[in-house]
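Remarks on the overall topology
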Amino acid sequence: MESLTDYVSFGFKSGLRVAHSSLVFGTKILEILAKLAGGSANHREIARSLQEAFSKLGATYIKLGQFIASAPSLFPKEYVEEMQNCLDSVRPIHFREVRSVVERELGGSLASIFHRFEETPLASASIAQVHAAVTKDGLDVVVKVQRPDVQTTLQTDMQILGLLTKVLEFIAPEFKKSGLTAMFEEFQTSILQEIDFIQESKNIEEFEEYLLSSGETRARVPRVYHTLSTKKVLTMERFYGAAITDEEGLKKFTDNPRKVINDALEIWFSSLSKKGFFHADVHAGNLMILKDGNIGFIDFGIVGRISPKVWKGLMLFMQGVGIGEPLLVAKGLVEMDSTDATVSPNILAHELNSVFLELESVYDAISKNQIFDEAKLNRLMYDLKEIAEKNGLKIPREFALLMKQMLYFDRYIKTMAPEINLFRDTEKYTKI
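Residues numbered from 1 in each chain as written. Predicted model: local features only at pLDDT ≥ 70, side-chain atom pairs only at ≥ 80, totals over all residues. Heavy atoms only, no water.

As for the overall build of the protein chain
How we decide: Segments assigned H or I by DSSP are reported as helices when at least four residues long, segments assigned E as strands when at least two residues long, and all are numbered from the N terminus. Think of it in three bands: with a 1.4 Å probe and only protein chains considered, a residue is buried below 20% of the maximum accessible area for its type, exposed above 50%, and partly exposed in between. We call two residues in contact whenever any of their non-hydrogen atoms come within 4.5 Å of each other. Using the Shrake-Rupley algorithm and a 1.4 Å probe, accessible areas are obtained, with residue cover drawn only from the displayed protein chains.
Helices and strands together make up the secondary structure of the protein chain, namely 19 helices and 11 strands. Counting over 432 residues, the protein chain shows a buried share of 53%. For the protein chain, the proportion of contacts with a sequence separation of at least 24, taken over those separated by at least 6, is 65%. Accessible area of the protein chain: about 19600 Å², with a carbon and sulfur share of 52%.

As structure tokens, then:
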């Protein structure tokens, strides 16, 4: 901040944003409560109305919408489908606000901390945006800067959301049955992890520690510069290379694209099978081939952790999809269950038949090098959840995260190494 006046002004504006968000969201919830109390609940209409409100309310609510969109095993399908609209790009933060956050967090002016700091962001998302910079030591870095309104609004928003979940469960029995409080707690845990850049730096270094301890030299993660990082600012080594899906870019750094994707698969599966730890957002922008030919994993804001039991169930599930055997899919779901329910895989396989056929169609589209329909996948995850729960099973949220990563990888495979069948050849990657 240039002065105390600027700081007070910034705080006052942030407070107004919180008050406005709370008022708008509160009004929207009252409308929903009125519909529920009057017995006129149309969940598609409510979901659409909520999504529109979330898009206007700012980062916390956009993130809530994204959480709902990415968790079909937790939320009704109408909400999952409508919240897909929250996955679009987010308005960039004005550079004046970025500079204020960085200077306040690092305790000095940009000019005193960095040799150069680019005003135009490399990327912008609901929680933060990323800028290229050069340190005083001449190191090329990227600086991930948290949006100034996220931390300010989060506490108020969480209090409101926590209260409203309890009110909704009290007024509407269907929400109580859905486990709304548990869903809110899951969201709270998720977003608190993602806005804590110290935790993200630990995730990066945990993955790096795994690479080092296993003697893995084919992949790297960016170095974290702790003296230039805080809970709201994360400064990391800048990677140069190409996205793993950029065929022209790949040709600049390797003459064997098949080996690149195979290596990436082996490394990702290895951390998952041996540590139960995985990068949970391996879309094209977060997986790179670097100039030295190594693979770069970036952005560890979202990671997953699974138990050996879930891992075993996932392998059965994938093999079932790969060879077209619904009984294996059913056995995988039973293995992943955390309730110790007694369920017949044969009966479950029969009930899953229609969903299994649609899941095969998604996989078939990928096999033909078509972009998979994520909305359709989310609907299928919801259907799986519904059938599993009807049979007394509970599917962990990590299952949906894992499936999306698998499908990301499978899409890369069809482009660069079509002879690999990820689902059918799963065992190859689990014996590393």
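Considering helix α12 (residues 257-275)
Basically, it comes down to this: To estimate the expected span of a helix, subtract one from its residue number and multiply by 1.5 Å.
With 19 residues, α12 extends 27 Å from end C-alpha to end C-alpha; this agrees with the ideal 27 Å at 1.5 Å per step. The first or second residue beyond α12 is G276, which carries a positive phi of 65°.

Here we look at helix α14 (residues 326-336)
Note the following rule: Within 3.5 Å is the distance limit for a polar contact, defined as a pair of N or O atoms, with the added protein rule that one can donate a hydrogen and the other accept it, and that residues adjacent in sequence qualify only through two side-chain atoms.
Considered for burial, the residues of α14 that qualify are P326, V329, A330, G332, L333, V334 and M336. Capping of α14 at its N-terminal end is provided by E325; its side-chain oxygen lies 3.0 Å from the backbone amide nitrogen of L327.

Structural notes on the environment of E205
By the secondary structure assignment, E205 is in helix α10 (residues 197-213). Along the sequence, E205 and V224 sit 19 residues apart, while their C-alpha atoms lie 8.1 Å from each other. Sequence-distant contacts of E205, defined by excluding residues within four places in its chain, comprise V224 and H226.

Section: the confidence of the model for the protein chain
Atomic detail in the predicted coordinates should be set aside for any region of low pLDDT. Applicable threshold: The predictor attaches a confidence to each residue, called pLDDT, with possible values from 0 through 100.
Looking at the protein chain as a whole, the pLDDT averages 78, with 72% of positions reaching at least 70. Contacts for the low-pLDDT stretch residues 1-19, under 50 throughout, to residues beyond four places or in other chains number 18 contacts.

So, the nonpolar core
The nonpolar side chains of a soluble globular protein tend to be buried with one another. Defined as follows: Throughout this description, the term nonpolar core refers to a set of buried Ala, Val, Leu, Ile, Met, Phe, Trp, Tyr and Cys residues connected via side-chain atoms within 4.5 Å.
Within the largest apolar cluster, 77 residues are counted, with the highest numbers of intra-cluster contacts made by W268, F269, F297, F317 and F409. Here this core takes 10 residues from helix α18 (residues 397-416), the largest share from any one element. Counting residues in each nonpolar core, the second largest holds 17 residues, with V102, I113, F117 and V141 among its members.

Here we look at the sheet that holds strand β5 (residues 219-220)
Put simply, the rule is: Following DSSP output, two strands are said to pair if at least two bridges run between them. The convention used is that axes are lines fitted to C-alpha atoms, helices contributing only their stretch in contact, and that angles between N-to-C directions extend from 0 to 180 degrees.
Across the sheet, 4 strands lie side by side as β5-β10-β9-β7; this open sheet has mixed pairing. Unpaired on one side and paired on the other, β5 and β7 (241-243) mark the two borders of the sheet. As paired strands, β5 and strand β10 (residues 295-297) are joined by 2 bridges and run parallel to one another. Within the sheet, the bridge partner assigned to A219 lies in β10 and is I295. Helix-sheet contacts for α12 involve β5, β9 (287-290) and β10, and the interaxial angle to β10 is about 45°.

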